[in-house]
Amino acid sequence: WFEDYPYAFYHADTTPYWLMAWGDYWCATGDTDTIRRMWPAIRKAYDWSRGTVNPATGLMLNSKGGLGAVEVGDLGVGVESDIYLSAVWVVALDRVARMADALKERKVVTEARALEATARASLREKFWLPQQRTYAFALLKDGAIRPELTIWPATAMGFGLFDDERGMAAATVLARATLNTDWGSRALASESKLFDPLHYNNGTVWPFVTGFEALGEYRYRNSFAGFAALNTIVQSGFTWGLGRNPEVWSGSVFEPLDTAVPHQFFGTSFILTVLARGLLGWEPDVPRGIVRLAPQLPTEWPGMSVHLLRAGHGTYDVSIMNNSNEFRAIVRRTGGPDMLVFAPHLPLGSTVTSVTANGAGIQCQNPINPRDVQPECVISLVDSTEIVVQHTPGVRVQVTQPVVARGDRSKSMRILDMKLDGSTLIIQAEGPRDREFVVSIRTERERKVAVRFDGPGDPVDGYVAREIRIPVP
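Bear in mind that the values here come from a model prediction, so they are computed numbers and not experimental data.

1. Here we look at the sheet that holds strand β7 (residues 184–186)
Hydrogen bonds between backbone atoms are what pair the strands of a sheet, whose relative direction is either parallel or antiparallel. Spatial strand order, β6-β7-β8: three strands in an open sheet with antiparallel pairing. Of all strands in the sheet, those bounded by a partner on one side alone are β6 (180–181) and β8 (205–206). Taken together, the two bridges between β6 and β7 define a ladder with antiparallel strand orientation. Among the inter-strand pairings, Asn-180 is bridged to a residue of β7, identified as Ser-185.

See the structure below:
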């Protein structure tokens, strides 16, 4: 079989993904003994990946290693390194260096860290499109770049590989209707000349890439777009039968394609990944003795409970209650690291007035960013720790969205970005032509505003871009 069919070795990304998986396993478990036992295979995979690298950029070469984001179609012609493979490789290098350090493999640590620095710099600078305020799809063999708007930069965003300013700018662009439908994210934007809603790589909707879109939006504090994308993956399991999530969908109407794999695990699995790493912000790092909890709850959720979160041999139960002026979390711990980095995302415009852990006041860092408020607190956990963040109300936004049925075209409103200018809330949004939406703005009281999208829309979906300015109640 391996001689007759090439598919086991078809993709360059599977090897750095494998390295990354071992690194993530180690971070979540602290199981250094297994990493030591697996090290010869890990080292072999690392050496193979390193052998496909362009020394000038530090990036793996698609032309030498194999396919990355694109398998068929004109988008992949002439690609030297695409942003998807490049992002996975940068993360793999970090994981290899960390594991090597634990095993005292100093030569590998030095080599991997140097290569990571080169590759990360290439990823951040060579793919950046200053005019479009986002990242390109690929570097080409002739030294040019392929600037088409694709969902693939979300891979690097999901891993947090960009600085906040550019990452948030890219998150705004990737939230646009040209990439996102009411049933998931297109791999290629509908504005491209190569767009085809039935073409596997040039316009269909994948739960797999939708997962990266959701995670990237959460990483760069665009939780409205992140939750919308997460919801589409969840809903994909209710179309053909419970739990059967089709591989690809039409890029123009809400309909799975008969030519697709009827159930694709690595698309479905993103539900758990986005829930844990995005919405809940759960990141265990057992070798360093810490766990991180950074929730971004949807406006309409008053709270949530999660049971049996794992870190090493320990488990954690987390209960969150959230209202206009208080964010409360109860963390019950049985084993595992006792150091918690607690960094909840609070509403735009709010101010933290106090933070307590089991009634005792604690000091937190309060870095400023334009999208929300996120205090970062380091807390020593006991068996049960209640953390209370008191804050002023801030601004919460909720949109009443239409219900989408099979066969429909997209008809939801998309929020790309929000910011406060004094007492005015500015929302960058897109909505279908001639449709009206009710936007709820909540501070200490609620105000509902009717928003209509008039004017010529884009030629594929009829979406109109609009800046909405609303006085804060």
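This is not the end of the story, as more comes after the structure.
2. A word on the sheet that holds strand β20 (residues 414–421)
With antiparallel pairing, three strands are arranged side by side in an open sheet as β20-β21-β24. Every other strand in the sheet has two partners, leaving β20 and β24 (463–471) as the edge strands with one partner each. Shown here is a sheet whose adjacent strand axes are inclined to one another by a mean of 20°, direction ignored. Bridge analysis of strand β21 (residues 424–432) against β24 gives nine bridges, and the strand direction is antiparallel. In the strand pairing of β24, Glu-430 is matched with Ala-465.

3. Description of the packing of helix α9 (residues 223–235) against helix α11 (residues 270–279)
Axis angle and axis distance: for two packed helices, these are the angle between their axes and the distance between the axes, and together they describe the pair. Where α9 meets α11, the closest approach of the two axes is 10 Å, and the angle between their N-to-C directions is 155°. Taken together, the axis directions place α9 and α11 in an arrangement best described as roughly antiparallel. In the crossing of α9 with α11, the sense of the turn from one axis to the other is left-handed. Taken together, the residues of α11 that come into contact with α9 (itself represented by Phe-227, Leu-230, Ile-233 and Val-234) are Phe-270, Ile-271, Val-274, Leu-275 and Leu-279. Classifying every residue of the contact of α9 with α11 gives nine nonpolar, no polar and no charged.

4. Some thoughts on the nonpolar core
Grouped together as the largest cluster of nonpolar side chains are 112 residues, with contacts concentrated most on Trp-89, Trp-152, Phe-208 and Phe-342. Looking at this core element by element, the count peaks at 14 residues for helix α4 (residues 83–102). Discounting residues that sit within four places of it in the chain, Phe-342 has contacts with Leu-293, Phe-327, Ala-329, Pro-375, Glu-376, Cys-377, Ile-379, Ile-387 and Val-389. In this structure, Val-397, Leu-425, Val-451 and Phe-453 belong to the second largest nonpolar core, which totals 18 residues.

5. Thoughts on the environment of Phe-327
If you trace the backbone, Phe-327 turns up in strand β13 (residues 326–334). For Phe-327 and Val-388, which are 61 residues apart along the polypeptide, the C-alpha to C-alpha distance reads 5.9 Å. Ignoring anything within four residues of it in the chain, the contact list for Phe-327 reads Pro-295, Ile-320, Met-321, Asn-322, Phe-342, Pro-344, Leu-346, Ile-387, Val-388, Val-389 and His-391.

Each value, and the rule that gives it
- Residues numbered from 1 in each chain as written.
- Predicted model: local features only at pLDDT ≥ 70, side-chain atom pairs only at ≥ 80, totals over all residues.
- Heavy atoms only, no water.
- Pairing = 2+ DSSP bridges.
- Helix = DSSP H or I, 4+ residues; strand = E, 2+ residues; numbered from the N terminus.
- Axes fitted to C-alpha atoms, helices over the stretch in contact; angles between N-to-C directions.
- Parallel < 35°, antiparallel > 145°, perpendicular 65-115°, else oblique.
- Left-handed = near helix turned anticlockwise from the far one by under 90°.
- Contact = heavy atoms within 4.5 Å.
- Nonpolar A, V, L, I, M, F, W, Y, C, P; charged D, E, K, R; others polar.
- Core = buried A, V, L, I, M, F, W, Y, C linked by side-chain atoms within 4.5 Å.
- Buried < 20%, exposed > 50% of the residue type's maximum accessible area, 1.4 Å probe, protein only.

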